[in-house]
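# An overview of the molecular structure
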Amino acid sequence: MRTEREEKAEEKRLAIMMMKKREKYLYDKIMFGKKRHVRETHKCRSPDGWSCVTESSSRASSVCSLASSALHCADGGGGQERRGLQNHQGFLSGSNQAAMMVGKPVKQWRSICKGLILGTLLTICMILLYCLSASEVQFGLQEVPVPYSCAHRPSAAHSSTISNSSHHASGQRICTPKVDIMFMKTHKTASSTFLNILFRFGEKHHLKFAFPNSRNDFFYPSPFHRSQVKDYRPGMCFNIICNHMRFNAAEVAKVLPADTSYITILRHPADLAESSFHYFGRIVPLTWRLSGNDKMREFLTDPKLYYDPEGFNSFYLKNLLFFDFGQDSNLNPDDPKVDEAIQAIAKHFHLVMLVEYFEESLILLKDALCWDMEDLLFFKLNARKGSTVSKLTPELRAKALEWNAIDWKLYQYFNTTFWHKVDAYGRERMARDVEELQRRNAEMASICIEGGHAVDAGSILETSMQPWQPIGEKSIMGYNLKKNVDKAHGKLCRKMLTPELQYLTDMGVNLWITRLWGHIREILHW
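Quick caveat: nothing in here was measured; it's all calculated off a predicted structure. (Residues numbered from 1 in each chain as written. Predicted model: local features only at pLDDT ≥ 70, side-chain atom pairs only at ≥ 80, totals over all residues. Heavy atoms only, no water.)

## Considerations on the overall build of the protein chain
- Within the protein chain, the secondary structure is distributed over 18 helices and six strands.
- The buried share of the protein chain, taken over its 526 residues, is 44%.
- Taking the contacts inside the protein chain whose residues are at least 6 apart along the sequence as the reference set, 73% of them involve residues at least 24 apart. (Helix = DSSP H or I, 4+ residues; strand = E, 2+ residues; numbered from the N terminus. Buried < 20%, exposed > 50% of the residue type's maximum accessible area, 1.4 Å probe, protein only. Contact = heavy atoms within 4.5 Å.)

## As for the state of the cysteines
- Within the structure shown, the criterion is met by two disulfides.
- The side chain of Cys-448 participates in a disulfide bridge whose partner is Cys-493; the two sulfur atoms lie 1.9 Å from each other. Taking the sign of the S-S torsion, -65° for the link of Cys-448 and Cys-493, the bridge is left-handed. Within this pair, whereas Cys-448 is found in helix α15 (residues 427-448), its partner Cys-493 is found in helix α16 (residues 487-497), the two being separated by 45 residues in sequence. With respect to burial, Cys-448 and Cys-493 carry one shared label: buried. (Disulfide = S-S within 2.5 Å.)

## Details of the environment of Phe-315
- Following the sequence through the fold, Phe-315 ends up in the loop between α9 (295-301) and α10 (320-324).
- Accessibility expressed as a relative area gives 10% for Phe-315, which makes it buried.
- It is 8.9 Å that separates the C-alpha atoms of Phe-315 and Pro-221, two residues lying 94 residues apart in sequence.
- Phe-315 has contacts with Tyr-220, Pro-221, Leu-320 and Phe-323, leaving out every residue within four places of it along the chain.

## Regarding the pattern of salt bridges
- Within this structure, the stated rule accounts for 19 salt bridges.
- One network of salt bridges, in which partners are shared, links Lys-204, Asp-372, Glu-374 and Asp-375. (Salt bridge = Lys/Arg side-chain N within 4 Å of Asp/Glu carboxyl O.)

## Notes on unusual backbone geometry
- The omega torsion of the bond from Tyr-220 to Pro-221 falls at 10°, within 30 degrees of zero and hence cis.
- Secondary-structure assignment places Pro-221 in the loop between α6 (191-204) and β4 (240-241).
- Not every positive phi belongs to a glycine, and Ala-190 is a case in point at roughly 60°.
- Following the sequence through the fold, Ala-190 ends up in the loop between β3 (181-184) and α6.
- At Asn-484, a position not held by glycine, the phi torsion is positive, near 60°.

## Here's the deal with the environment of Glu-435
- Note on placement: Glu-435 falls in helix α15.
- Distance from Glu-435 to Glu-359, taken between C-alpha atoms, is 9.1 Å for residues 76 residues apart in sequence.

## Considering the environment of Pro-333
- The residue Pro-333 is located in the loop between α10 and α11 (336-348) in this model.
- Between the alpha carbons of Pro-333 and Ile-406 there is a distance of 5.3 Å; along the sequence they are 73 residues apart.
- If near-sequence neighbours (up to four positions away) are discounted, Pro-333 is found in contact with Val-338, Ala-405, Ile-406 and Lys-409.

No statement about biological role is implied by the geometric values presented.
Structure below.
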């Protein structure tokens, strides 16, 4: 005769068998739509008060129904179902969670997670592409002297007006344009505008440019190395190098002829700090903690809170000019190395232009390189619309100069040398030439530019005229080419209005990494 324990075990076994069969029966009916609402009147609640049955979800109803059925069978009969629910709250809370997972909040979180995963994968892909495309520094490159000059020289020398009576009696000097040029392209200093001038001058004289490979800079912020030049081989001839780089004098000298003219441009550090913060701030992770509308003010109030010398892209936030010249931007301003570096820069560069006196700088360039006035024509490129420029109070400007003390020291030194050159050129003569350049630029604007002025990015009609924008907004303005420009000016107008990246592409530079990054930004709406 079976014991009471054996009888209970047998009942439990039968109940489990029945439960499985019942579950399968209900599942089949729900899956095939034969019974849309199973026991909707049963409200299964866990101790925390959450309902496991929702009228709007057939899947949630099925979970509750399956749970109720299972408890009914396990307890041995339909009359015991309510008691089964009370005794098996743990099981019901599990079914509760299953029902909640199909709700809208869960779907939203799934979408967010998918977006984060996609963004992470794209970032990893970009890093891998960068690593694969980065040119390997070839320390074993053969040292071959660069030819004195490999330029296609202008067919004839031209005269240049001068005021020094020691020259030709007619007041003219005969000279040949200098075509071997190193332009140190610093950040946020109207350098894109000057680059357009160089591109047109190089095409006019059939000069050879040393371009980077697959992108628009020489793997900045890595120090420049000649192996970063596209198709470089020892002893090759180049006339002009002008893309963004972190200056390395020894390596640059191995690419260009010995008589190369070194040119660069500086900007007042307070204005540069504001512009750099606006353009690059979003790619410096430490600034993501800044809140409020005036992030620049918050940053300058206590910049050390948001700056780490070893942080990712932190060099954009402090002494950016000094960093571009290959120097340590975190030195103490009173460190003797700072003065030594400034003297080294002064030794290498024949002309240091100033953004605040751009036309005067171009006139000095014309005089130093024996260029024509028509070579200096320009439209202001890559300019921001005024509403996005932070108006720095005198207090904030002082804080910006204090934070960028090395750049301020650098700027003051070359501001002094700049005006010495202006005095040597002649103030009155400078004023006349600047007026002439402004007149010619205004004349070209009336011929080339629709409306005669720059427009917001959203109003630019041609894709080929769209400038590169900072992450998160479209604050860089551009131009629309006037319709029906006469043939004599059509080609020149288009070249003068073409943004940097499009001009590089027109000159045959493969910018696939830069373009790919641009497409990813469009997909992610960055």
